[in-house]
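Descriptive structure summary
Here is how the chains run, residue by residue.
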Amino acid sequence: MILIAESGSTKCDWVLLDLKGREIDRWNTIGFNPYFHSKEMIVTTLKSTKEFKVWKERIEQVWFYGAGCSTTELKTIVKNGLDEFFVNSSNHIGHDLEAAAFALYEGEPLVVCILGTGSNSCMFDGNKITEETPSLAYVLGDEGSASFIGKKLVSDYLYKRLPKELSDDFTNVYGITKDCVTDAVYNKPHANVYLASFGPFAGKWTAHPYIKEVVKDGFDKFIDIHISCFPNMKQLPVSFVGSVAKIYEDTLTDCLHERGYKKGKVLAKPINSLIQYHLDVLDILSVVR
């Protein structure tokens, strides 16, 4: 059996294949991000998920791509957790940018972008991934992401700067106070996921001028920082994965076209295309034949 996983900071998609490449099962867990999650936490989550208990002894390969898996040290945290649980498997750890690049690649060089809980970008020529601007995460960066939008919503709500109809609805939906927010952001883990959790509220009011302005501002910042940094990129398609990119695809298209950039594919989730890349390009079945 072969297990392929694509993990953001919020959620991880797992798909199990047999040795002929046929899908056997798929399920979700929380996302594993080594900036926030330890080896022990990863093992505990795996042990408590029934699907892993059923299949773990038969799994021969795990291909895990995750947010935060950007250095050898950070990848090792995740690999140690997988190695402890999947004892019969060869476990491979990659960055979520790799997953996005593999899922979006169509035979020609392109700019690859993530707009989900967080945000990031790279260029992929089919062989090499090139990053020009680092991801600075939710405190300093993540422009255009769900955490970026959520941070703006929450701060404007507490500053009493939201339009009244949005403020009233925000109170009814969340009923939060300044103390609740500061405790969640400054004292508890996973502040990025907490801030991103307000993203569905923006989606509910997506047609409101305030929300349109917040989303456009985030996309404009993302384009200026994370796309315009690549040389000769106006000749390349700019493609995206992530729920924010998909939900606000029309706004994203307008922002790109305003700057003369060519939009490529937009995928809410990369997992299906990622699986196909592993079967067609990486030929992972040949390893176990």
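So, a few notes on the structure that sits alongside this text.

Of the volumes computed, that of the largest pocket is approximately 1100 Å³. When the residues that make up the lining of the largest pocket are grouped by side-chain class, the tally is 20 nonpolar, 21 polar and 7 charged. In this structure, the second largest pocket spans a volume of roughly 350 Å³. Around the second largest pocket, the lining comprises 13 residues; the ones closest to its centre are Lys151, Ser155, Val181, Val185 and Tyr186. Elements with a contribution of two residues or more to the lining of the second largest pocket: α5 (137-140), α6 (146-158) and α8 (178-186). No other element matches the 5 residues that α8 contributes to the lining of the second largest pocket.

What follows is about helix α11 (residues 209-227). Across its 19 residues, α11 extends 25 Å between first and last C-alpha, which sits within 8% of the 27 Å expected from 1.5 Å per residue. Restricting attention to buried positions, one finds in α11 the residues Tyr210, Ile211, Val214, Val215, Gly218, Phe219, Asp220, Phe222, Ile223, His226 and Ile227.

Bringing unusual backbone geometry into the picture now. The backbone of Lys160 shows a phi angle near 60°, a positive value even though the residue is not glycine. We classify Lys160 as exposed; its relative accessible area is 74%.

Of all 6 residues in strand β1 (residues 2-7), 6 are buried, a share of seventy percent or more. The alternating pattern of β1 places Ile2, Ile4 and Glu6 and Leu3, Ala5 and Ser7 on opposite faces, both of which are buried. When β1 meets strand β2 (residues 11-17), the two strands line up antiparallel, connected through 6 bridges. Its bridge partner being in β2, Glu6 is matched across the sheet by Asp13. Connecting β1 to the next strand, β2, in antiparallel fashion are 3 residues. Sheet analysis places β1 next to strand β4 (residues 61-66), joined by 6 bridges and oriented parallel. If you follow Ile2 over to β4, its bridge partner there is Gln61.

In this section: the packing of aromatic side chains. The final tally for this structure, using the stated rule, is 21 aromatic pairs. Ring centres of Tyr65 and Phe102 lie 6.0 Å apart, and the angle between their planes is 90°; this geometry places the pair in the edge-to-face category. Of this pair, Tyr65 sits in strand β4 while Phe102 sits in helix α4 (residues 96-104); the two residues are 37 residues apart in sequence, bridging distant segments of the chain. Consider the rings of Tyr157 and Phe170, whose centres lie 4.6 Å apart with planes at 40°: the pair is tilted. On the criterion of sequence distance, the pair formed by Tyr157 in helix α6 and Phe170 in helix α7 (residues 164-174) is long-range, its members being 13 residues apart. On the accessibility criterion, Phe170 (0% relative accessible area) is buried.

What counts, and at which threshold
- Residues numbered from 1 in each chain as written.
- Predicted model: local features only at pLDDT ≥ 70, side-chain atom pairs only at ≥ 80, totals over all residues.
- Heavy atoms only, no water.
- 1 Å grid on protein atoms, 1.4 Å probe; cavity = no way out; pocket = protein on both sides within 12 Å on 5 of 7 lines; lining within 4 Å.
- Points joined across faces, edges and corners; volume = space filled by probe spheres on them.
- Nonpolar A, V, L, I, M, F, W, Y, C, P; charged D, E, K, R; others polar.
- Helix = DSSP H or I, 4+ residues; strand = E, 2+ residues; numbered from the N terminus.
- Expected span 1.5 Å × (residues − 1).
- Buried < 20%, exposed > 50% of the residue type's maximum accessible area, 1.4 Å probe, protein only.
- Pairing = 2+ DSSP bridges.
- Phe/Tyr/Trp six-rings, centres within 6.5 Å; stacked < 30°, edge-to-face > 60°.

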